[in-house]
Amino acid sequence: MQAEHRDHRESTGKKPADRKAVGSASPFPYARMAERQDALDRLELRFRWGGYGIRVLRCHLASFPPGHIINFHKHSEYEFHYIPKGKGKVILVDQAYDLHEGMFYLTGPDLVHYQESDPEDPMYELCLHLDIVPLESDVQPSGWGDELEAAEASECIAALDRLPIGPVVDRFHAMSGFLEAYRILEEQPIGFYTLLKQAIVQILLRTVRVLDGADGRTGIPERDMSFHRYQLATQYIQDNESMPLSLEQVAEAIGISPRQLQRIFRSEGRTTFRDYLEHTRLTAICSDLLLTDKAIEEIAIAHGYANPNYLYPVFKGKYEMTPSVYRKTHAGEHAAAFQSK
């Protein structure tokens, strides 16, 4: 029995441990990309990210047979190489490095490199080839996070030039973005272009995370929470002024105590909750008085005055006239203003 086992080992050229490792290998998650290796390459995918234009030249899975050689060459663009399976070596300028599963390296712009797969085993490579071009700053920030995105894009592109020369471990799973992009291509979901853009950006951001810990990173600015809560509270009041509202209800809606909310109205609005609610309702009532012919009682109920009779003293105390006099006094002014537009 031992002789038979030894003969089989000699005939295969592999030790039993090697066979076990091969037989127990987990499924190759990128195998589906091999069915249409150039599917993503066929897309004319280009997009703006912050102050840069990014054009995807290649985004595919390549497979190299044992001992395959790609001779010395260079690119004027960025070319990212991720090794999801197999092993080999790469020469960057004049320095040789071993490659194995789970590593990545960047070539370009203008970095001379040579690649060779293992003499006995094939090697797979996920390749992302990008042309990254600074754009003219002709788009003004809109205030909806454009400044943050532009800063982060600039930080990421600058970080590409600080990546170490030589393969490093893909600790943050950048190569999973390839499979995500391929799935998006297969499924063609709503937002196809946006999702593909996000997949490419994710690859870039996960790639440069090997530099995590560097100082000076762009961060999302912290809110002034007192003012932010004041904005939330006043918006809630404006949205719901037609319904019964209490200090306790609004405080609960934004997640703070009634006492804290009252302090916020004093510090941020120089007013009280009750006065702000009353001001909001009366402003809406004035608008209805001028823009509609609804009865005053109907308007009062529509804006939170369950007892319409209560509106009259409140309204007169603020505007020094009754709602009906306000309607007569300002209706002509409103009509004239409308006709002049």
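The model shown is predicted, which means the values in this text are computed figures rather than measured ones.

### A few points about the overall build of the protein
Check the secondary structure of the protein and you find twelve helices and ten strands. Counting every position in the protein, which comprises 341 residues, the buried fraction comes to 35%. Residue pairs in contact within the protein that sit at least 24 positions apart in sequence constitute 72% of those at least 6 positions apart. Here the protein has roughly 20400 Å² of accessible surface; of this, 51% comes from carbon and sulfur atoms.

### Some thoughts on the nonpolar core
Across soluble globular proteins, nonpolar side chains show a tendency to be buried alongside one another. Of all hydrophobic cores here, the largest spans 43 residues; its most connected members are Trp49, Phe80, Tyr82, Leu128, Leu130, Leu160 and Phe178. Within the residue set of this core, elements represented by two or more residues are β1 (46-49), β2 (52-64), β4 (78-85), β7 (103-107), β9 (123-134), α3 (146-160), α4 (176-187) and α5 (192-208). Looking at this core element by element, the count peaks at seven residues for α5. Beyond its immediate sequence surroundings of up to four residues, Tyr82 is in contact with Met103, Phe104, Tyr124, Glu125, Leu126, Ala174, Met175, Phe178, Ile203 and Thr207. Judged by nonpolar contacts, the second largest core, of 15 residues, contains Ile237, Leu245, Ala251 and Phe265.

### Quick notes on the packing of aromatic side chains
Taken as a whole and judged by the stated rule, the model has 14 aromatic pairs. Ring centres of Phe265 and Tyr276 lie 5.8 Å apart, and the angle between their planes is 50°; on these two criteria the pair is classed as tilted. Of this pair, Phe265 sits in helix α8 (residues 258-269) while Tyr276 is found in helix α9 (residues 273-291), placing the two residues eleven residues apart along the sequence. Residue class for Tyr276 comes out buried when judged on its relative accessible area of 14%. Positioned above the aromatic ring of Phe28 is the side chain of Lys85, whose terminal nitrogen or guanidinium carbon lies 5.1 Å from the ring centre.

### As for helix α6 (residues 225-240)
In a regular helix each residue adds 1.5 Å, so 16 residues correspond to 22 Å; α6 covers 22 Å between its end C-alpha atoms and thus fits that length. What α6 keeps buried is the set His228, Tyr230, Ala233, Thr234, Ile237 and Asn240. Looking at the buried side of α6, the elements it contacts are α7 (247-254), α8 and α9.

### So, the pairing of β9
Taken together, the twelve bridges between β2 and β9 define a ladder with antiparallel strand orientation. Among the inter-strand pairings, Val56 is bridged to a residue of β9, identified as Leu130. Summarising the sheet, β4 and β9 pair through six bridges and their orientation is antiparallel. Among the inter-strand pairings, Glu79 is bridged to a residue of β9, identified as His129.

The rules behind the values
- Residues numbered from 1 in each chain as written.
- Predicted model: local features only at pLDDT ≥ 70, side-chain atom pairs only at ≥ 80, totals over all residues.
- Heavy atoms only, no water.
- Helix = DSSP H or I, 4+ residues; strand = E, 2+ residues; numbered from the N terminus.
- Buried < 20%, exposed > 50% of the residue type's maximum accessible area, 1.4 Å probe, protein only.
- Contact = heavy atoms within 4.5 Å.
- Areas by Shrake-Rupley, 256 points an atom, 1.4 Å probe, with all protein chains shown as cover.
- Core = buried A, V, L, I, M, F, W, Y, C linked by side-chain atoms within 4.5 Å.
- Phe/Tyr/Trp six-rings, centres within 6.5 Å; stacked < 30°, edge-to-face > 60°.
- Lys NZ or Arg CZ within 6 Å of the ring centre and 35° of its normal.
- Expected span 1.5 Å × (residues − 1).
- Pairing = 2+ DSSP bridges.

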